[in-house]
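Chain by chain, the residues:
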Amino acid sequence: MKKIGFLLATVGILAASFVQPAKAADVLRVATEGAYPPFNWTDENGVIKGFDTDITFALCERIGRECELVAQDWDGMIPGLLAKKYDLIIASMSITEERKKKVDFTGKYYQTPTRMIARKGANIDGSVKSLDGVSVGSQRATTQACYVEKFFSNADIKLYAVEADGYIDLKNGRVDVYVADSIQLQAGFLSTEAGTDFEFIGPELNDVECLGEGTGIALRKGNEELRDALSQAILDMRADGSYKIINDKTFAVDIYGPELQ
Amino acid sequence: MAEQEKFDHWEAIQQFSENVSPIDFYLILENWPMFWEGAWQTVTLVGLGLFFAGMIAVPLAVCQVNRVPVLSQVVSAYAYFFRGTPLLLQLYLIYYGFSEIDFIRHSFLWIVFKDAWWCTLIAFTINSAAYTTEILRGAFDQVPRGEVEAAKSCGMSAWKRYIRIIIPSGLRRALPAYSNEVIFMIHGSVVASTVTIIDILGAGRILNGRYYLAYEGFIAAAVIYMIIVFIVTRGFNFWEKQWFAHLRPRET
């Protein structure tokens, strides 16, 4: 009996030491991918940088919380948040209805169009008809993958774990068309040596169901206070010009998109 | 009426998935065609890979048993390399590595290497052939001396001894070890999903990605792999019973 009591007490102490109730002063863990330049990318020293992380630290300072970055593969992003491996996702995640079923979003912190690219002179205009039997690549678990699967079912769709894998196949001719965020396409591929032979095709893509309404910060449901504080902080930064400073550090144009009413 | 009832079952699964179960069975069932195609993809890739690997492995194993000079060393090096490196790495080298070589990209070889499916099949074939060569080499070595000497004394040539005695007897003996190779190959085939092929795991990953799930896709994939391995092990048990009938202890 004594032994069992001792055992239970030990287990209890151990359990108590692991399960600490979250306090307001706790460090906020922020997940990002680190493979999505110029929004988030990992430098040669393993440090994650980019627009997303700049925004992250500015917002954390504004709401008075300490933040630390956690690197997380893209397709496990939302499951990891739900499993409480981190508290926020600031990784260029678009706000969509499908994702809202799982997580909460703040207001948008930027909104850039989705576009397609192909090899120069490939004679593909980007219309559904021109993609008949053409291989179209995109990253798995993204808004663009949703768009491709919804509209280009006549194409040979290839989904990649990271954008960089798709760009290798695009460069080598395994994939003819690639669909992604226009800024990421520009910075991650078109402006690199591998992307010199490629160009944007077709218009900006529009579909609220798949592509969402801008990029927000995702958090677990039931954190309304934190969510609203972050949403307000974004609007405040927008209003007082500090957003512009961070924006201009990385981009030549304003990527916020239409102002929220 | 029947239609109505069927609809109700469907509804019930949906209700159960949304409200009670931590696992969303409804989404898995709704996407079963993708898993079905994934299973077909896995079975054909592994099946064809094992078939071609077997075609390659039998002559290589014979060469090893006879210690053919030079050739034998080449085969040993081949087996050593492909058993010494992970299948995933071999697939990456074939898929990403070859596509970086201009010579391959601008030759007729690109027709094959452009396609992820062929790259995967080639990786599976040469990987499995390396293991199967070693399994068969052991099995051919273990064919009892008496059988070989009996064949010799009947006046069979070396060629005939292999065709009629050593290879058939060795293949039978290799069966238990080979069944493990088949199971490893089925499990190893998940690497196909890393090069855009939608195999069973690939279907699971797409399901997870589409609905932002943590494990539904993986659980569905795990169940399908278990079913396939179950069928394969039953098949091997059956063949072992058939072909080892003469080695079994007599029942009293």
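Residues numbered from 1 in each chain as written. Chains lettered and ligands numbered in written order. Predicted model: local features only at pLDDT ≥ 70, side-chain atom pairs only at ≥ 80, totals over all residues. Heavy atoms only, no water.

(A) Quick peek at the overall build of chain A. Secondary structure assignment for chain A yields ten helices and 13 strands. Each of the three principal axes of chain A carries a C-alpha extent, and together these read 80 × 50 × 35 Å. Looking at chain A as a whole, 49% of its 261 residues qualify as buried. Partitioning the contacts of chain A with sequence separation of at least 6, the portion at a separation of at least 24 is 68%. On chain A, roughly 12,700 Å² of surface is accessible, and the fraction owed to carbon and sulfur atoms is 55%. Distance between charge centres in chain A, computed from 29 positive and 39 negative side chains, equals 6 Å. (Helix = DSSP H or I, 4+ residues; strand = E, 2+ residues; numbered from the N terminus. Buried < 20%, exposed > 50% of the residue type's maximum accessible area, 1.4 Å probe, protein only. Contact = heavy atoms within 4.5 Å. Areas by Shrake-Rupley, 256 points an atom, 1.4 Å probe, with all protein chains shown as cover. Lys, Arg positive; Asp, Glu negative; His and termini not counted. Charge placed at Lys NZ, Arg CZ, Asp CG, Glu CD.)

(B) Summary view of the domain arrangement of chain A. All names here are of chain A. In terms of domains, chain A is made up of domain 1 (25-111 + 213-250) and domain 2 (114-211). The straight-line distance from the C-alpha centre of domain 1 to that of domain 2 is 25 Å. The interface is formed by eleven residues belonging to domain 1 together with 17 residues belonging to domain 2. Together domain 1 and domain 2 conceal approximately 1,100 Å² of surface at their shared face, both sides included; 55% is due to carbon and sulfur atoms. Of all residues in domain 1, Tyr36, Trp74 and Asp75 bury the most surface against domain 2, accounting for 37% of the area lost on that side. The interface formed by domain 1 and domain 2 includes one salt bridge. Notably, a salt bridge pairs Asp75 with Arg140, separated by 2.8 Å at the nearest N-O pair. If you look at where domain 1 meets domain 2, you find five residue pairs in polar contact (both at pLDDT 80 or more). Looking at the side of domain 1 that touches domain 2 residue by residue, the class counts come to five nonpolar, two polar and four charged. (Domains from an automatic or database assignment. Buried area = accessible area lost by both parts, 1.4 Å probe. Salt bridge = Lys/Arg side-chain N within 4 Å of Asp/Glu carboxyl O. Polar contact = N/O pair within 3.5 Å; in protein donor to acceptor, adjacent residues only side chain to side chain. Nonpolar A, V, L, I, M, F, W, Y, C, P; charged D, E, K, R; others polar.)

(C) The arrangement of the environment of Leu226(A) in detail. Residue and element names in this part refer to chain A. Within the secondary structure, Leu226 sits in helix α9 (residues 224-240). Residue classification places Leu226 among the buried positions, given a relative accessible area of 16%. Other than its neighbours up to four places away in sequence, Leu226 contacts Leu28, Ile63, Arg65, Leu88 and Leu219.

(D) Quick look at the sheet that holds strand β6 (residues 88-94) of chain A. Residues and elements named next belong to chain A. With mixed pairing, five strands are arranged side by side in an open sheet as β5-β1-β6-β13-β7. Edge positions in the sheet fall to β5 (67-71) and β7 (104-105), since each of these pairs with one other strand and no more. Summarising the sheet, β7 and strand β13 (residues 215-219) pair through two bridges and their orientation is antiparallel. Its bridge partner lying in β13, Phe105 is registered against Ala218. (Pairing = 2+ DSSP bridges.)

(E) Looking closely at the pattern of salt bridges. Tallied over the full model, the rule gives 26 salt bridges over all chains. Via salt bridges that share partners, Arg83(B), Glu134(B), Arg137(B) and Asp141(B) belong to a single interconnected network.

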